[in-house]
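Listed below, chain by chain, are the residues.
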Amino acid sequence: GSRYSGTTPNGAAFAYGDNIGLAYKVETDAATSFVKWTFNGSVWTPVGTSMKWKNKTDNHNFYAFYPYNDSDVTPTLGLVKMPVLTGQDGTMVSVATRDFLVATKTQKYLDGDKVSFTGDDDAFKHVSSLVALTLKNTGDLVLAKINSISLEGNNLVAESNYSFTGDNVIYLEGESTSDDILSADFTNA
C-alpha cells in the first residue's frame, strides 16, 4: 500500500504533488544519487536529472522512499532522513506527510524498461506513520470530559534516519526501552 491520503475507502493512494526519492545500484558499482520524482495525479516524472539504465543485461537494484523533502540532507542508501512528528498540526494533510514508506525492486532492462513498485514483494511498505486519534463523545460518553490522554512507547517522536543498506531505522535521540501504552482518563458527568 501507499501513503494514507484520507480520501479513499482503503486509505491508500499517492496524491498530486507527492514526491519520492529513487536510486539504483548495479552489482558492486556505487549507487546512483537519489533523484526526486513528482506525481502529477497519474504519472511519476523525474525532477531535474533523469535516470538511465546502466545496461540492458545486469540486475539493477532500485530503492525508493516517500516523502522526498528538498530541505533534508542529501539522501544516500545508508541515510535517508525520516519525517519528524514535532510540529504536527493534526490535519489530514499532516497525517499524510508524516508517513514514511520504502520500496525496493530488482529488475533488468530486458524484463521491462519501466520500474513499477507494485505487488506483494515490490510495493511501498510503511516504516513509520503518524497515528491520529479522534475521540467522540457519543452514546454513554456524551457528557464525558477528557481529563488526560497519554501515549508512551519506543521512539514515538525520536528524530531518525532510514538505512536501505541495513534495512533498519537509526534513532538519533537514543532509543527508549518503555512499552507502547495508550491510556486515557475520562470523567463521565
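Residues numbered from 1 in each chain as written. Predicted model: local features only at pLDDT ≥ 70, side-chain atom pairs only at ≥ 80, totals over all residues. Heavy atoms only, no water.

Enquirer: An account of the overall build of the chain is needed here, citing residue identities and associated values.
Expert: Regarding its fold elements, the chain presents two helices and 11 strands. Counting helices and strands in the order they occur from the N terminus, the chain gives β-β-β-β-β-α-β-α-β-β-β-β-β. The buried share of the chain, taken over its 189 residues, is 30%. Considering only contacts within the chain whose residues lie at least 6 apart along the sequence, 64% involve residues at least 24 apart. Roughly 11,700 Å² of accessible area belongs to the chain as shown, and the carbon and sulfur atoms make up 51% of that amount. (Helix = DSSP H or I, 4+ residues; strand = E, 2+ residues; numbered from the N terminus. Buried < 20%, exposed > 50% of the residue type's maximum accessible area, 1.4 Å probe, protein only. Contact = heavy atoms within 4.5 Å. Areas by Shrake-Rupley, 256 points an atom, 1.4 Å probe, with all protein chains shown as cover.)

Enquirer: Got a sec to walk through empty space enclosed by the protein? Specific residues and values, please.
Expert: Tallying each qualifying case throughout the model produces one cavity of 30 Å³ or more. Estimated volume of the largest cavity: approximately 50 Å³. Among the residues forming the lining of the largest cavity, the class breakdown is six nonpolar, one polar and two charged. (1 Å grid on protein atoms, 1.4 Å probe; cavity = no way out; pocket = protein on both sides within 12 Å on 5 of 7 lines; lining within 4 Å. Points joined across faces, edges and corners; volume = space filled by probe spheres on them. Nonpolar A, V, L, I, M, F, W, Y, C, P; charged D, E, K, R; others polar.)

Enquirer: Describe the confidence of the model for the chain, with residues and values.
Expert: Across the chain, pLDDT averages 79, with 71% of residues at or above 70. Scored below 50 in pLDDT, residues 176-180 makes 12 contacts in the model with residues more than four places away or belonging to other chains. (pLDDT = per-residue confidence, 0-100.)

Enquirer: Report on the sheet that holds strand β9 (residues 160-163), specifying residues and quantitative values.
Expert: One open sheet holds the three strands; their spatial order is β5-β9-β10, and the pairing between them is antiparallel. In this open sheet, the two strands that pair with only one neighbour each are β5 (80-81) and β10 (168-171). Bridge count between β9 and β10: four bridges; the pairing is antiparallel. Along β10, the bridge assignment pairs S160 with Y171. (Pairing = 2+ DSSP bridges.)

Enquirer: Pulling in residues and values, what's your account of the environment of F124?
Expert: Its place among the elements puts F124 in the loop between α2 (119-122) and β7 (125-128). Residue class for F124 comes out buried when judged on its relative accessible area of 7%. Considering only alpha carbons, one finds F124 and T104, 20 residues apart in sequence, at a separation of 7.9 Å.

Enquirer: Kindly report on the packing of aromatic side chains, identifying the contributing residues and their values.
Expert: Here the structure, examined in full by the defined rule, presents 15 aromatic pairs. For the pair F14 and W44, a centre-to-centre distance of 5.2 Å together with 80° between the ring planes defines the contact as edge-to-face. Residue F14 is located in the segment before β1 (19-25), and its partner W44 is located in strand β3 (residues 44-46); the two are separated by 30 residues in the primary sequence. Considering the side-chain rings of Y24 and F62, the 5.6 Å spacing of their centres and the 50° angle between planes classify their relative orientation as tilted. Taken together, the residues span a long stretch of sequence, with Y24 in strand β1 and F62 in strand β4 (residues 60-66) at a distance of 38 residues. Under the relative-accessibility criterion, Y24 is labelled buried at 10%. For F62, a relative accessible area of 6% corresponds to the buried category. Site record: aromatic cluster; members linked through ring pairs are F34, Y63, F65, Y68, F100, Y162 and F164. (Phe/Tyr/Trp six-rings, centres within 6.5 Å; stacked < 30°, edge-to-face > 60°.)

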